[in-house]
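Fold and geometry: a report
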2 protein chains.
Amino acid sequence: MQEKQKLIEIVGQEHFTDQIEELVPYSYDASMNVHRPDGVVWPETTEQVVEIVRFANEYKVPIVPRGAGTSLSGGVIPIKGGIVMDLSRMNRILEISIENRYAHVQAGVVCDDLNRELAKHGFVFPPDPASSSVSTIGGNVATNAGGIKGAKYGTTRDYVLGLQVVLPTGAIMHTGSYTMKCVSGYDLAKLFIGAEGTLGVITEVTLKINPLPRHAMTAVATFAKLEDAGKAIFQTMTSGVLPSVMEILDKVTLKSVKENTDIDLPDAEAMILTETDGFTWEEVEAQMEVVLRVFKENNPITIKTAKDEKDRLNLWKARKSSYATLARASNSFVLDDVTVPISKIPNLLVGIQEIAQRHGLVVATYGHAGDGNLHPQILYDEYHPEQVEKMEKVEEDLFKLAISLNGTLTGEHGIGLSKANYMTLEHDPVEMALMKQIKRTLDPNNIMNPGKRALD
Amino acid sequence: MQEKQKLIEIVGQEHFTDQIEELVPYSYDASMNVHRPDGVVWPETTEQVVEIVRFANEYKVPIVPRGAGTSLSGGVIPIKGGIVMDLSRMNRILEISIENRYAHVQAGVVCDDLNRELAKHGFVFPPDPASSSVSTIGGNVATNAGGIKGAKYGTTRDYVLGLQVVLPTGAIMHTGSYTMKCVSGYDLAKLFIGAEGTLGVITEVTLKINPLPRHAMTAVATFAKLEDAGKAIFQTMTSGVLPSVMEILDKVTLKSVKENTDIDLPDAEAMILTETDGFTWEEVEAQMEVVLRVFKENNPITIKTAKDEKDRLNLWKARKSSYATLARASNSFVLDDVTVPISKIPNLLVGIQEIAQRHGLVVATYGHAGDGNLHPQILYDEYHPEQVEKMEKVEEDLFKLAISLNGTLTGEHGIGLSKANYMTLEHDPVEMALMKQIKRTLDPNNIMNPGKRALD
C-alpha cells in the first residue's frame, strides 16, 4: 500500500497490516465470496476512525468496516480492495443503565458479552442472531440482525435508541437519544441500521433493553404433510398467542439430521419447534396449551413437550445441528434467508423443492416460521463449474419465487454482494434511484464499502 | 389562487376550495399556531395525489399533507401558504390479513376505525395516541405517534412494515415489505416515519398487528413526596415487570382535577396509574403484585386496585380528565412532551416547578412515566402579550432542562413549527446539516410542508 505510512501514524505499527498472510482471513466472510483487501487497520478510538476515514476520503480509498466477519451475504468482502477496518478493539461497554433501560456500548462489543452483563441484572438485548457468541453489536446494527425470537421480540432496529457514526467525510454525528421515545427531527439512526457499512462507520450504539422472561416452555411436533405444518404455523400465529420461538425444519433437513446424528426422528415432511415464555409459569403453560391444541388439530405424527432442561436441550438438538450437519454433507453451500408472509410458508417450501429438482441440487430448508424467515441451504461443489452454475440458477429461481409470494430477498442476512444483482427484483426504479441518491449524498466519493447493493 | 383551475381539473370542483370560510379551519391544528392556506384539496386516489404534487413541484407551491389536524406542534400549519392536502377521503382499509399478521390501509383511515375492525379478530395496532378517535394512520406514521402503552408496546415506527409514498417530484415509491422481517436495501420507510410530511405524501401503509392482550389489571397509588413516586417508577421498570401503563400526574394537575371534578383525591405530590396485562389472569396478577410491592416500599399515601370494570374506569378518571380540566382552567395553553431517561422524572418535575415559579405561570405535568415522556401543560393567556412572552420563556427553559437531563424536545408530538427554533439545542451541527441535505435531496424545490423543523 502506498499510503501505509499515514495509517501507521494513526493507529500505530502493530494495529496496521498489509502482510499477505494477515490479509487472507479478511478476504472472507461466512458467504462464498472472496476478495483480498490492501490493508487492515484496527482502530481503538472514534478519533482514530475519524482520521482513517478522512484519509480514505481524501485519497478515495475504499473502507470496509468489519465486526466479526460473520456476514452470510458477502457484506464485509472488500470487493474493490482498499482497507478493512476491524472494530473489534472498540469493545467497551460504556454504560449499563438498568433504571433508564438502556445499554451504551462501543461498536466492537460482542453480542453475548453484552447479554452476559445484562443477565446479571435480569435484563437482555433481545435480538439473538445465531452468531451472537462472536458477532459484534456494530455488525448487528449494520445488518439489522434478527434471530430466532424475532416474531415476538423484533430485530435490532427495534432496540436502537441512538448511534454515534463517523460519516464518510470524517465528521462525527450523534443521532437518536437516551430516551425510550424520540421524534425530534428525521430518524437518521434508522438510515444506518441495515446499511451494511455503506453510509458510514458505526462507532457507538445505545440500545433499549428488556427484562428477561422468567419462564419458557418448549415443544416439538412433526407432521407427515407439509400443508398441515403450514396450517399449524399460521393458525398458531392467529390464535392470540405469540410464541417466542416457532422454528420449522423441512424433510431434507430432517433427513440430513437423521442420517448424521443419533437423534430419533420419524419420517416427516416437517418438524416445528416452539417455545412460549412469560413472567409466570401459568402464562407459559396456558399459551402452550393453545399452541398444542392447534398442532393437534393439524394431524401431527408426534408431539413432545419438555419436562425439564435436559428435555429442552434434546428437543433443540435437531434444530441446532441443522446447519453443521448440512454443511458437512457437501463441499460447499450457500445459506439464504428469503422471507414470505407467514401463510405462504408451505408454498415457499414446495416451490423450493421444485427448484432443487429442476436444477438437480439438494436444498434443505429450515428457519424462523413465526416470521416467515426461512433459510434454504443450497448444497453444491464450488470446484465443479457446472455445480456453481446450477447453484446460481437455484438462487435466482428462489429469489423470484419469494418475490412472487409477496416476500423479500432477505429477512436478516442482508443484500451485501451475494444479492446485489437481484435488488431490482424487489425494489422499483423509484426506490432504487432514491437509495442511490442517498448513498451519493452521504458518500460522494463512494469510499464506504463500495460495490455492494447495486448502489455504484 | 392563480392555479386553481388545474387543481379543480384534478380533483373536481367539489373537492377543492379557496373560499375563506372553508380555509379557516385549515389554518389551525391543536397547537397555538395559525396560518391560512391558499387552498385545500381532498384527493381520493394516489393518482390524484401524484398530479397535485407534480403540479405543486412545477409551480413551486407549498403542499401540506394533513390527516385529522390534531398536531400539537403546528406540524400541519401551512406557514408558507400554499395548498393543504386533506387525505381524509383516502380512508379505505385495503386488506386485513390476520394469518400474515398485517393490515394494509390508505393513509386517511382513522386509527380507532382500524382497531375496531382488528378487534373483531382479536388483534390490535398497539400505538394508542390520545387522538385515536379522529387521528389518521397516515398522520400517525408522519408523526411516529406514541401513546400511553409505549413503554411496553413501542410507537408507530415499530409497526410499519411498508409504505406507499408520493415523493416531492410526484413519483410513486413503494418501500418496505409485507413480511415481518426485511433487510433488503436502505430502510427508506423509516425516513418518512416521523418526517411530518416534509419528505413526501404517505398514501398507503402496511402495519404489523398484534394479538390483543386478554387480561389487564389497574392500580393507582398516591405519594406525598415526589422523590418517592420517582423511585417507585424506575424501581418498577427495573423489577422484571414491564407494565402496559405507567402514568404520572403531578400536584398541579391533581389540584386542578380535584378542584374541577368530584374525584376524591388526597393531598399528594404525585399520583401513579398503572396497568399490567397478559394472556392469563395469573400473569397479570403476578406482575401487579411486584408493582404494588415496589409502590409499598416507597411510602405511598393510598393504593387502590380495580376489582371490576367500573372500578377501572374510576381509577382512570383523574388521568383522563387532566387535559380538559387544565384546558378549561385558562384562556390558552401549550401542551409539551419533553422526554427524559426514566430515572430523571423527579428532576424534570422539580425543575418544571422552578421554571413555572421563576416566570410566574402555572405549569401542570402528567404523562407516560414508563417511558419518561411527560406532558407539561403551560397555562397562559394568548391575549396578554406579557403572558405570551412568559410562556415562551417557560418553554425555552423547559427544553433546556430536558436536554440537560439527557432528554429530548419531543417524545411524540413532533418538532413541527413550535419547536423548530430549538432543534439545535438537541442536534449537533453535523446532524442538522445531514437532515438539511436529505431534505434538499428529496425535495429540491422545498414544496413539502416548508418552514418546519429549521430545515429551510
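Scoring rules and cut-offs
- Residues numbered from 1 in each chain as written.
- Chains lettered and ligands numbered in written order.
- Predicted model: local features only at pLDDT ≥ 70, side-chain atom pairs only at ≥ 80, totals over all residues.
- Heavy atoms only, no water.
- Core = buried A, V, L, I, M, F, W, Y, C linked by side-chain atoms within 4.5 Å.
- Buried < 20%, exposed > 50% of the residue type's maximum accessible area, 1.4 Å probe, protein only.
- Contact = heavy atoms within 4.5 Å.
- Axes fitted to C-alpha atoms, helices over the stretch in contact; angles between N-to-C directions.
- Helix = DSSP H or I, 4+ residues; strand = E, 2+ residues; numbered from the N terminus.
- Parallel < 35°, antiparallel > 145°, perpendicular 65-115°, else oblique.
- Left-handed = near helix turned anticlockwise from the far one by under 90°.
- Nonpolar A, V, L, I, M, F, W, Y, C, P; charged D, E, K, R; others polar.
- Pairing = 2+ DSSP bridges.
- Phe/Tyr/Trp six-rings, centres within 6.5 Å; stacked < 30°, edge-to-face > 60°.

So, on to the nonpolar core. Here is a general trend for soluble globular proteins: nonpolar side chains tend to be buried in one another's company. The biggest cluster of nonpolar side chains holds 184 residues, and the ones touching the most others in it are Ile137 and Phe192 of chain A together with Ile137 and Phe192 of chain B. Setting aside anything within four residues of it in sequence, one finds phenylalanine 192 of chain A in contact with Val141, Ala142, Leu163, Val165, Leu167, Met173, Leu199, Gly200, Ile202 and Leu442 of chain A together with Leu434 of chain B. Formed by 23 residues, the second largest nonpolar core is a distinct cluster that contains Val252, Val257, Ala268 and Tyr366 of chain A.

As a further point, take the packing of helix H12 (residues 345–359) of chain B against helix H13 (residues 385–404) of chain B. Residue and element names in this part refer to chain B. At their nearest, the axes of H12 and H13 sit 10 Å apart, and the two run at 155° to each other. In terms of their interaxial angle, H12 and H13 are classed as roughly antiparallel. Regarding H12 and H13, the two cross each other, and that crossing is right-handed. The segment H12 lies against H13, with Leu348, Gly351, Ile352, Ile355, Arg358 and His359 engaging Lys390, Lys393, Val394, Asp397, Leu398 and Leu401. For the contact of H12 with H13, the residue count by class is six nonpolar, two polar and four charged.

All names here are of chain B. Reading across from one edge, S15-S12-S14-S13-S17-S18-S16 is the order of the seven strands in this open sheet, with antiparallel pairing throughout. In the strand order of this sheet, the two ends are held by strand S15 (300–305) and strand S16 (332–335), each with one partner. The mean inter-strand angle of the sheet, taken between neighbouring strand axes irrespective of direction, is 15°. For strand S12 (residues 215–223) and strand S14 (residues 270–278), the ladder comprises nine bridges, and the chain directions are antiparallel. The partner of alanine 216 across the bridge, within S14, is aspartate 277. Contacts from helix H8 (residues 226–237) reach S12, strand S13 (245–250) and S14 within the one sheet, and its direction differs from that of S14 by about 15°.

The next thing to look at is the pairing of strand S9 (residues 172–176) of chain A. Residues and elements named next belong to chain A. Sheet topology places strand S8 (residues 160–166) next to S9; five bridges connect them, and they run antiparallel. Bridge pairing in S9 places glutamine 164 opposite histidine 174. Connecting S8 to the antiparallel partner S9 that follows it, the hairpin turn spans five residues, and glycine 170 within it adopts a positive phi of roughly 100°.

All names here are of chain A. Enumeration over the complete set of coordinates arrives at 14 aromatic pairs over all chains. Between phenylalanine 125 and tyrosine 159, the ring centres sit 6.1 Å apart and the planes meet at 90°, which makes this aromatic pair edge-to-face. One end of the pair, phenylalanine 125, is in the loop between strand S7 (123–124) and helix H5 (137–143); the other, tyrosine 159, is in the loop between helix H6 (150–153) and S8, with 34 residues separating them in the sequence. Tyrosine 159 carries the same exposure label as phenylalanine 125, and that label is buried.

All names here are of chain A. For strand S10 (residues 201–208), the tally of buried residues reaches eight of eight residues, placing the bulk of the element in the interior. In the sheet, S8 pairs with S10 via six bridges, with the strands oriented antiparallel. Within S10, the position partnered with glycine 162 by the bridge is threonine 206.

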